[in-house]
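# Analysis of the macromolecular model
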Amino acid sequence: MNINESGASFGLLFGVISSVVLLSIGSRRATRINDQLQAAAGQFYDYVDRQFEVWKLTLTERHVAILVIKGFSNAEIAKLRGTTESTVKSQLSSIFRKSELSSRQQLVAYVIEDLVSAIPEP
């Protein structure tokens, strides 16, 4: 084996080892980010659930409100819940009455605005 072949072999070996190390670091970072996202999602759910308690929403109204916040239409909510659109509209009216909001846009904006205001300013 000449010096060029030895150098090439060393370079390949170094490349493989470097790739393994970088993949390991990337994997750990991805796991940490995923854990942080899961924690944030749990905190979001806790926040929303506390607000629903303040508004005294029933379990059904809470489920409908969550689906509204997720962006589902009345028809989609009715299909997911196995009810009619008129039932969903009735449940939304109750949610809006209890929350003193008047539309699904206000419901989403209320939740987002409170979450954003909780973020410390730089």
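Residues numbered from 1 in each chain as written. Predicted model: local features only at pLDDT ≥ 70, side-chain atom pairs only at ≥ 80, totals over all residues. Heavy atoms only, no water.

This part covers the nonpolar core. By size, the foremost hydrophobic cluster in this structure holds 19 residues, and its most contacted members are Phe52, Val64, Leu92, Ile95 and Leu107. Of all the elements in the fold, those that place two or more residues in this core are helix 1 (3-55), helix 2 (59-69), helix 3 (74-81), helix 4 (85-99) and helix 5 (104-117). Sort the elements by how many residues they give to this core and helix 2 lands first, with five residues. The residues contacting Leu92, other than those within four sequence positions of it, are Val64, Val68, Asn74 and Arg104. (Core = buried A, V, L, I, M, F, W, Y, C linked by side-chain atoms within 4.5 Å. Buried < 20%, exposed > 50% of the residue type's maximum accessible area, 1.4 Å probe, protein only. Helix = DSSP H or I, 4+ residues; strand = E, 2+ residues; numbered from the N terminus. Contact = heavy atoms within 4.5 Å.)

Before going further, it helps to examine the packing of helix 2 against helix 4. Where helix 2 contacts helix 4, the axes come no closer than 10 Å and their chain directions differ by 95 degrees. On the basis of the axis angle, helix 2 is roughly perpendicular to helix 4. From helix 2, Thr60, Glu61, Val64, Ala65 and Val68 reach across to helix 4, where they touch Val88, Gln91, Leu92, Ser94, Ile95 and Lys98. In the contact of helix 2 with helix 4, the residues fall into six nonpolar, three polar and two charged. (Axes fitted to C-alpha atoms, helices over the stretch in contact; angles between N-to-C directions. Parallel < 35°, antiparallel > 145°, perpendicular 65-115°, else oblique. Nonpolar A, V, L, I, M, F, W, Y, C, P; charged D, E, K, R; others polar.)

Take the pattern of salt bridges next. All told, the structure shown has two salt bridges when counted by the stated rule. With its nearest N and O atoms 2.7 Å apart, the salt bridge here joins Asp49 to Arg62. With Asp49 in helix 1 and Arg62 in helix 2, this pair connects stretches of sequence that are 13 residues apart. A salt bridge links Lys98 to Glu61, with the shortest nitrogen-to-oxygen separation between them at 2.8 Å. One end of the pair, Lys98, is in helix 4; the other, Glu61, is in helix 2, with 37 residues separating them in the sequence. What makes Glu61 buried here is its relative accessible area of 8%. (Salt bridge = Lys/Arg side-chain N within 4 Å of Asp/Glu carboxyl O.)

A separate point is the environment of Thr87. Mapped onto the elements of the fold, Thr87 is located in helix 4. Put simply, Thr87 and Ile77 are ten residues apart on the chain and 10.0 Å apart in space, counted from C-alpha to C-alpha.

Moving on to helix 3. Within the sequence span of helix 3, burial applies to Asn74, Ile77 and Ala78. When helix 3 is viewed along its axis, its buried side chains cluster within an angular range of 100 degrees and face the same direction. Exposed and oriented more than 90 degrees from the buried face of helix 3 are Lys79 and Leu80. (Arc of directions from axis to C-beta.)

Scanning the entire structure with this criterion turns up two aromatic pairs. On the numbers, 6.1 Å between centres and 35 degrees between planes, the contact of Phe52 with Trp55 is tilted. Within this pair, Phe52 and its partner Trp55 are both found in helix 1, separated by three residues, close to a single helical turn. According to the relative accessible area criterion, Phe52 is buried, its value standing at 2%. (Phe/Tyr/Trp six-rings, centres within 6.5 Å; stacked < 30°, edge-to-face > 60°.)

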